[in-house]
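Notes for the structure review
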Amino acid sequence: MTTELETELLTAARRRRNFAIISHPDAGKTTLTEKLLLYGGAIHEAGSVKARRAQRHATSDWMAMEQQRGISITSTVLQFEYQNYHINLLDTPGHQDFSEDTYRTLAAADNAVMLEDAAKGLEPQTRKLFEVCKLRSLPIFTFFNKLDRPSREPLDLLDEIEKELGLQTYPVNWPIGTGDRFKGVFDRRKRKIHLFERAKHGSRAAVDTVIELGDPRIEDLLEQDLYYQLKEELELLDELGTELDLDLVRAGKMTPVFFGSAMSNFGVELFLEAFLDYAMKPIARKSSAGDLPPTYEDFTGFVFKLQANMDPRHRDRVAFIRVCTGKFEKDMNVTHARTGKTVRLSRPQKLFAQDRESIEVAYPGDVIGLNNPGVFAIGDTIYTGQKLEYEGIPCFSPELFAFLRNPNPSKFKQFRKGVSELQEEGAVQIMYSVDESKREPILAAVGQLQFEVVQFRMQSEYNVETTIDMLPYSVARWVDGGWDALAKVGRLFNTVTVKDSWGRPVLLFRNDWNCRQVEGEHPVLKLKAIAPVVSGLAVSEE
């Protein structure tokens with residue numbers, strides 16, 4: 001018999017949609033995020049992310065450095081309501097130097113929106129992030145952006161996705177012209193033409209004229225050649241294209257495709273409405289106790305992100321928790337799986353970039369912010385009821401290494417605190433020399449910008465100036481079996497041994513060739529490019 005709580009959970013899960021946007025830098029991700037918030041009524045005027053002092057800053061870019069440079073560095077969570085749906089939008093870093101933060105965010109997402117520049121098509125960062133989505137079989141929705149600029153042929157763009165990503169495509173809408181002649185889109189769901197008027201910078205919702213395909217007014221509203229081209233392309237799609245199969249979409253094997261321009265609001269609301277219909281609601285998640293559906297009555301969740309100093313005035317630390325099952329209630333006591341300790345979840349917050357408001361309850365699919373007094377680590381599971389853990393979130397192999405030095409001994413305490421808190425939130429991986437005389441932390445990053453952000457935040461948040469001393473390594477490998485396995489091998493050449501923040505041995509190599517050389521000379525030595533998971537179930541490298 002269905003309990004009252006199960007019914008409540010089922011109703012809440014049906015209303016919820018949770019997704020992350022993935023893209024290559026400059027595809028327009030932050031702009032699209034702003035426009036979705038505009039249509040959701042969460043903001044009244046969309047801010048451009050161009051680095052112009054006079055403009056509103058984008059809501060999702062809250063860190064000072066992001067606003068100065070016009071890029072997204074951190075992941076944020078934006079929650080809003082639209083047509084009776086409760087939406088959790090996980091905004092991810094647009095810069096490739098922060099791909100690890102994006103990997104972690106995708107662990108908390110139920111759907112992914114793949115945003116592409118219609119002039120460029122698939123780009124390297126998009127391909128890389130697509131592989132992460134594929135590993136998790138996430139449903140992927142494709143939005144081709146910037147149709148109001150010179151673009152590639154729509155059919156070519158579809159063909160590229162099918163050939164290079166192995167995804168079937170289904171265009172939900174179809175563009176009418178491109179560049180200066182981009183007039184609108186045809187909605188294949190409702191068989192209607194949407195013609196848009198250009199709004200100034202798209203800061204407000206677009207004016208949309210909707211007419212039937214055969215309406216005689218079309219002759220006055222649309223140039224004849226564009227109308228004939230649209231009819232020909234629609235016939236081609238209807239005859240040769242695939243049918244929309246939501247089972248394939250939800251298995252991550254078919255992508256619904258949308259065309260538009262986020263900057264001028266062309267097609268954004270049409271995308272949002274179709275996405276909410278087609279997207280996956282919160283589903284069962286893999287745990288040590290089996291696959292748990294959202295209606296599982298005990299509360300469970302996992303930490304996918306930590307962020308220090310979101311509010312500089314209060315020097316706070318926030319843990320981002322994805323609610324997986326059951327009902328979250330303010331001040332509830334939960335068990336922290338890694339330590340076995342009981343934790344009281346007080347001061348829970350609904351997140352909207354830097355703005356937060358207190359909440360009383362949350363349901364599966366929601367993301368909540370919790371004050372983190374140093375208890376939580378990325379990948380931690382919290383639960384009520386029987387003991388269980390969700391899959392852990394792995395660290396990936398960094399490619400740049402540098403000593404972070406504090407030239408001012410009087411700032412030692414602030415330096416140590418800053419390093420500790422930035423390490424805890426996963427802003428950068430931190431390693432240490434095995435030589436006890438070298439106490440400075442070694443920053444290990446995917447890209448140079450991570451170093452710049454660490455130095456910027458050490459200065460602005462902890463008032464410590466730092467210097468960076470680059471190291472000549474580009475490959476890191478964790479030793480399977482730890483220190484014992486390393487001791488059995490004896491002396492190694494062409495590598496240096498350091499320890500990660502969990503005290504585990506990591507070998508640093510100048511290049512891949514050195515790494516392969518050591519592996520060839522010591523076949524018993526097993527090296528891993530992905531760090532062993534400390535909290536949660538081990539994640540396979542497959």
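Conventions adopted
Residues numbered from 1 in each chain as written. Predicted model: local features only at pLDDT ≥ 70, side-chain atom pairs only at ≥ 80, totals over all residues. Heavy atoms only, no water. Helix = DSSP H or I, 4+ residues; strand = E, 2+ residues; numbered from the N terminus. Buried < 20%, exposed > 50% of the residue type's maximum accessible area, 1.4 Å probe, protein only. Contact = heavy atoms within 4.5 Å. Areas by Shrake-Rupley, 256 points an atom, 1.4 Å probe, with all protein chains shown as cover. Axes fitted to C-alpha atoms, helices over the stretch in contact; angles between N-to-C directions. Parallel < 35°, antiparallel > 145°, perpendicular 65-115°, else oblique. Nonpolar A, V, L, I, M, F, W, Y, C, P; charged D, E, K, R; others polar. Phe/Tyr/Trp six-rings, centres within 6.5 Å; stacked < 30°, edge-to-face > 60°. Lys NZ or Arg CZ within 6 Å of the ring centre and 35° of its normal. Salt bridge = Lys/Arg side-chain N within 4 Å of Asp/Glu carboxyl O. Arc of directions from axis to C-beta. Polar contact = N/O pair within 3.5 Å; in protein donor to acceptor, adjacent residues only side chain to side chain. pLDDT = per-residue confidence, 0-100. Left-handed = near helix turned anticlockwise from the far one by under 90°. Patch = residues over 30% accessible without salt bridge, like charges linked within 9 Å, V, L, I, M, F, W, Y side chains within 5 Å. Core = buried A, V, L, I, M, F, W, Y, C linked by side-chain atoms within 4.5 Å. Pairing = 2+ DSSP bridges.

Quick look at the overall build of the protein now. Helix and strand content of the protein: 14 helices and 31 strands. Per-residue burial over the protein gives 56% buried out of 542 residues. Look at the contacts in the protein between residues 6 or more apart in sequence, and 71% of them connect residues 24 or more apart. For the protein, the exposed area adds up to about 23400 Å²; of that, 48% sits on carbon and sulfur atoms.

Moving on, we come to the packing of helix H2 (residues 29-39) against helix H10 (residues 268-278). At a minimum axis distance of 10 Å, the contact between H2 and H10 shows a crossing angle of 75°. Our classification of the angle between H2 and H10 gives roughly perpendicular. From H2, Leu32, Lys35, Leu36 and Tyr39 reach across to H10, where they touch Val268, Glu269, Phe271 and Leu272. Within the contact of H2 with H10, the residues separate by chemical class into six nonpolar, no polar and two charged.

So, about the packing of aromatic side chains. Going through the model one piece at a time under the given rule, you end up with 13 aromatic pairs. One aromatic cluster is present, formed by Phe19, Phe141, Phe143, Phe258, Phe271 and Phe275 through successive ring pairs. When the ring centre of Phe320 is taken as origin, the NZ or CZ atom of Lys305, which lies over that ring, is 5.7 Å away.

This brings us to the environment of Leu147. Here Leu147 is to be found in the loop between strand S5 (140-145) and helix H6 (154-165). Once the C-alpha coordinates of Leu147 and Ala118 are considered, the two residues, 29 residues apart in sequence, prove to be 6.2 Å apart. Leaving out residues up to four positions away in the same chain, Leu147 has contacts with Ala118, Pro175, Gly177, Thr178, Gly179, Phe182, Phe259, Gly260 and Ser261.

This part is about the pattern of salt bridges. Tallied over the full model, the rule gives 24 salt bridges. Linking Glu8 and Lys327 is a salt bridge whose minimum nitrogen-to-oxygen distance equals 2.9 Å. Taken together, the residues Glu8 in helix H1 (residues 4-15) and Lys327 in the loop between strand S15 (317-325) and strand S16 (328-329) connect sequence positions 319 residues apart.

This part covers H2. Burial of H2 is extensive: 11 of the 11 residues sit out of reach of the surface. Regarding H2, the residues found buried are Lys29, Thr30, Thr31, Leu32, Thr33, Glu34, Lys35, Leu36, Leu37, Leu38 and Tyr39.

What follows deals with helix H14 (residues 512-521). When H14 is considered as a whole, its buried residues turn out to be Asn514, Cys515 and Val518. For H14, the buried positions fall inside an angular range of 100° around the axis, keeping them on one side. Opposite its buried face, H14 presents the exposed residues Trp513, Arg516 and Gly520, each directed more than 90 degrees away. The inward-facing, buried residues of H14 abut strand S28 (475-479), strand S30 (505-509) and strand S31 (527-528). Where H14 begins, the side chain of Asn511 points an oxygen toward the backbone nitrogen of Trp513, at a separation of 3.2 Å.

Moving on to the confidence of the model for the protein. The predicted model of the protein has a mean per-residue pLDDT of 83, with 82% of residues at 70 or higher. Confidence drops under a pLDDT of 50 for residues 43-75, and excluding neighbours within four residues, the segment shows 107 contacts in the predicted structure. Scored below 50 in pLDDT, residues 94-98 makes 23 contacts in the model with residues more than four places away or belonging to other chains.

For the rest of this paragraph, the subject is the packing of helix H11 (residues 412-424) against helix H12 (residues 448-462). Where H11 meets H12, the closest approach of the two axes is 10 Å, and the angle between their N-to-C directions is 125°. Comparing their axes, H12 and H11 come out oblique. Classified by chirality, the crossing of H12 by H11 is right-handed. Across the interface between the two elements, Gln414, Phe415, Lys417, Gly418, Val419, Glu421 and Leu422 of H11 pack against Val454, Arg457, Met458 and Tyr462 of H12. In terms of residue class, the contact of H11 with H12 is built from six nonpolar, two polar and three charged.

Right, let's talk about a nonpolar patch on the surface for a bit. Taken together, the side chains of Leu155, Leu236 and Leu240 make up a nonpolar region of the molecular surface, amounting to roughly 280 Å² of accessible area. Within the secondary structure, Leu155 sits in helix H6. On the accessibility criterion, Leu155 (36% relative accessible area) is partly exposed.

Moving on to the nonpolar core. Ranked by size, the top nonpolar core spans 77 residues in total, and within it Phe144, Ile193, Phe304, Phe328, Leu345 and Phe376 carry the most contacts. With six residues, S15 is the single largest residue contributor to this core. Counting 31 residues, the second largest nonpolar core, distinct from the first, contains Ala27, Leu32, Leu36 and Val249.

Now for the sheet that holds strand S25 (residues 429-433). Spatially, the eight strands line up as an open sheet ordered S27-S24-S26-S25-S29-S30-S28-S31, and their pairing is antiparallel. Across the chains shown, the open sheet's two edge strands, defined by having one partner strand only, are strand S27 (467-470) and S31. Judged from the four bridges that link them, S28 and S30 form a sheet pairing that is antiparallel. Following the sheet pairing, Val475 is matched in S30 by Phe509. Strands S28, S30 and S31 of the sheet are contacted by H14, whose axis makes an angle of about 30° with S28.

With respect to the helices, strands and loops of the structure, Glu243 is situated in the loop between helix H8 (224-240) and helix H9 (246-250). Take Glu243: its relative accessible area is 64%, and that puts it in the exposed class. Taking the C-alpha atoms as reference points, Glu243 and Thr169, 74 residues apart in sequence, are found 9.3 Å from one another. Once you skip the residues sitting within four places of it in the chain, Glu243 turns out to touch Tyr170 and Met254.

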